[in-house]
Amino acid sequence: MTPDEVIESLKSGNLRFREGKMKQHDYLAQKRASQKGQYPSAVILSCIDSRAPAEILLDAGIGETFNNRVAGNVQNEDILGSMEFACALAGAKVVVVMGHTSCGAVKGAIANAELGNLTGLLNKIKPAIAETVYEGERTADNYDFVDAVARTNIKMTLTGIRQQSPVLNKLEQDGKIKIVGAIYKLDGGEVEFFS
Ligand SMILES: [Zn+2]
């Protein structure tokens, strides 16, 4: 499959999810089939939010996608290393950074929440707040603003991946992979892929 075909298949999976027409996943059969090797077509970075499980939203089964999850879907060295493994060594054709609406991590960053190690994680999201052009109330209580910041955060993560991973950047420049952003809408269930 080409990167574009992989993106189309992810979109189709999300459509099946939204319409309640998911595949009949035989997880035990998928487990057996993938036991000796895996050929996932995409590597996803998404938020830990319990309402946004990437595989379910994209109607993907065992062995179909690599998954990184961290609050606020921001990259770090270990995630970049995982993505490089997925694309350069294990054949994944697409990197998806999938944020979501009503993200608690984004809200926490806007509200300057502080707690142990969470403070440092939220600091990685904060640049997206300043970058977000928004007329209106710029608070964590304004869901519209929170979602605008979430979109900026996804785009900044895409930029960060390209800048901090020469491996992935070259694969993209060579047309071997695509690095794309997407946002999952809790209301309605759509995963909107950025163009
Ligand atoms: Zn979240």
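A.B. asks: Describe the coordination of the zinc ion, and please don't skip the residues or the numbers.
C.D. replies: The protein atoms that coordinate the zinc ion are Cys47 (SG), His100 (NE2) and Cys103 (SG), at distances of 2.1 to 2.3 Å. The motif formed by the donor residues of the zinc ion, counted along the single chain, is C-x52-H-x2-C. Taken together, the residues span a long stretch of sequence, with cysteine 47 in the loop between β1 (42-46) and α3 (54-57) and histidine 100 in strand β3 (residues 94-100) at a distance of 53 residues. Each member of the pair, cysteine 47 together with histidine 100, is buried.

A.B. asks: So what's going on with the pattern of salt bridges? Which residues, and what values?
C.D. replies: Under the criterion given, the structure shown has 10 salt bridges. A salt bridge links lysine 21 to glutamate 19; the nearest nitrogen and oxygen atoms lie 3.8 Å apart. Given a relative accessible area of 56%, lysine 21 falls into the exposed group. Of the charged contacts in the structure, one is a salt bridge between lysine 185 and glutamate 190, with a shortest N-O distance of 3.2 Å. Its relative accessible area of 28% is what places glutamate 190 among the partly exposed residues.

A.B. asks: Hey, could you go over helix α4 (residues 77-89) for me, with residue numbers and the actual values?
C.D. replies: Relative to the 18 Å expected for 13 residues at 1.5 Å per residue, α4 spans 17 Å between its end C-alpha atoms, a close match to the ideal helical length. Looking at α4, one finds that the buried residues are Ile79, Leu80, Met83, Ala86 and Cys87. When α4 is viewed along its axis, its buried side chains cluster within an angular range of 125° and face the same direction. Seen from the buried face of α4, the exposed residues on the opposite side, beyond 90 degrees, are Glu77, Asp78 and Leu89. Looking at the packing, one finds that the buried side of α4 touches β1, β2 (65-69), β3, α7 (143-164) and α8 (166-173). Sitting at the head of α4, asparagine 76 places a side-chain oxygen 3.0 Å from the backbone nitrogen of aspartate 78. Once α4 ends, the next one or two residues include glycine 91, with phi positive near 85°.

Conventions used here
Residues numbered from 1 in each chain as written. Predicted model: local features only at pLDDT ≥ 70, side-chain atom pairs only at ≥ 80, totals over all residues. Heavy atoms only, no water. Donors = N, O, S within 2.8 Å, 3.2 Å for Na, K, Ca; no water. Helix = DSSP H or I, 4+ residues; strand = E, 2+ residues; numbered from the N terminus. Buried < 20%, exposed > 50% of the residue type's maximum accessible area, 1.4 Å probe, protein only. Salt bridge = Lys/Arg side-chain N within 4 Å of Asp/Glu carboxyl O. Expected span 1.5 Å × (residues − 1). Arc of directions from axis to C-beta. Contact = heavy atoms within 4.5 Å. Polar contact = N/O pair within 3.5 Å; in protein donor to acceptor, adjacent residues only side chain to side chain.

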